[in-house]
Amino acid sequence: MKNNKISILIVDDHPAVRNTMIDVLQEEGFKTDHADNGEVGLERCLKNSYDFVLIDVQMPKMNGVEVLSNLKKQKERELKFLQDQHF
């Protein structure tokens, strides 16, 4: 199976966990990106397109739940903006 077209963002503040996930996923042919905290993870999610995002729930600065909540709010604003446009 060719996984090289599937991109995964890994958001985890523990380098050993993050690096292990990266190594395993890359060995299987997945494209990976990473962030070491929730703020950076949220930025990357908003700037890039990923097929999957693996997020640690307990992190400093912004935890995984906060990342997902902020991402959802941003996507809802974008959708509302598109719905308000009259094409």
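See the structure above.
Please read these numbers as outputs of a predicted model, since none were measured by experiment.

**Things to note about the pairing of strand E2 (residues 31-35)**
Argument step 1. As defined by bridge partners, strand E1 (residues 7-11) adjoins E2 across five bridges and the pair is classed as parallel. Looking across to E2, one finds that Val 11 is bridged to Ala 35.
Argument step 2. In this fold, the crossover linking E1 to E2 by way of helix H1 (residues 15-27) has right-handed handedness.

**Concerning the pairing of E1**
Argument step 1. With respect to burial, E1 is a largely interior element, five of its five residues being buried.
Argument step 2. Alternating residues of E1 divide into Ser 7, Leu 9 and Val 11 and Ile 8 and Ile 10, and every residue in both groups is buried.
Argument step 3. The pairing of E1 with strand E3 (residues 52-55) spans four bridges and is parallel. Its bridge partner lying in E3, Ile 10 is registered against Leu 54.

**Looking at the sheet that holds E2**
Argument step 1. Strand order in the open sheet formed by three strands is E2-E1-E3, and the pairing between neighbours is parallel. On the outer flanks of this sheet lie E2 and E3, each paired with one strand and no other. Each neighbouring strand pair of the sheet contributes to a mean axis angle of 20°, computed without reference to strand direction.
Argument step 2. Running over the sheet, H1 touches E1, E2 and E3 and is turned about 170° from E2.

**A short note on the packing of helix H2 (residues 38-47) against helix H3 (residues 64-84)**
Argument step 1. As a packed pair, H2 and H3 sit with axes 10 Å apart at the nearest point and diverge in direction by 30°. Taken as axis vectors, H2 and H3 run roughly parallel relative to one another. In the packing of H2 onto H3, the handedness of the crossing is right-handed. Note on element contacts: H3 touches H2 through Val 67, Asn 70, Leu 71 and Gln 74, opposite Gly 38, Leu 42, Cys 45 and Leu 46.
Argument step 2. Per-class residue counts for the contact of H2 with H3 are five nonpolar, three polar and no charged.

**Brief notes about unusual backbone geometry**
Argument step 1. One non-glycine residue, Lys 61, lies in positive phi territory at about 70°.
Argument step 2. Locating Lys 61 in the fold gives a position in the loop between E3 and H3.

**Some remarks on the pattern of salt bridges**
Argument step 1. Applying the stated criterion across every chain yields a total of three salt bridges.
Argument step 2. Put simply, Glu 76 and Lys 72 hold a salt bridge, and the shortest N to O gap is 4.0 Å. With Glu 76 and Lys 72 both in helix H3 and four residues apart, the pair spans about one turn of that helix.
Argument step 3. The exposure class of Lys 72 is exposed, given its relative accessible area of 54%.
Argument step 4. The partner of Glu 78 in a salt bridge is Lys 75, with the nearest N and O atoms 3.6 Å apart. In this pair, Glu 78 and Lys 75 both sit in helix H3, three residues apart, roughly one turn of the helix.
Argument step 5. Judged by relative accessible area, which is 34%, Glu 78 ranks as partly exposed.
Argument step 6. Given the relative accessible area of 40%, Lys 75 is considered partly exposed.

Thresholds, definitions, all that
- Residues numbered from 1 in each chain as written.
- Predicted model: local features only at pLDDT ≥ 70, side-chain atom pairs only at ≥ 80, totals over all residues.
- Heavy atoms only, no water.
- Pairing = 2+ DSSP bridges.
- Helix = DSSP H or I, 4+ residues; strand = E, 2+ residues; numbered from the N terminus.
- Right-handed = clockwise from strand over helix to strand, strands pointing away.
- Buried < 20%, exposed > 50% of the residue type's maximum accessible area, 1.4 Å probe, protein only.
- Axes fitted to C-alpha atoms, helices over the stretch in contact; angles between N-to-C directions.
- Contact = heavy atoms within 4.5 Å.
- Parallel < 35°, antiparallel > 145°, perpendicular 65-115°, else oblique.
- Left-handed = near helix turned anticlockwise from the far one by under 90°.
- Nonpolar A, V, L, I, M, F, W, Y, C, P; charged D, E, K, R; others polar.
- Salt bridge = Lys/Arg side-chain N within 4 Å of Asp/Glu carboxyl O.

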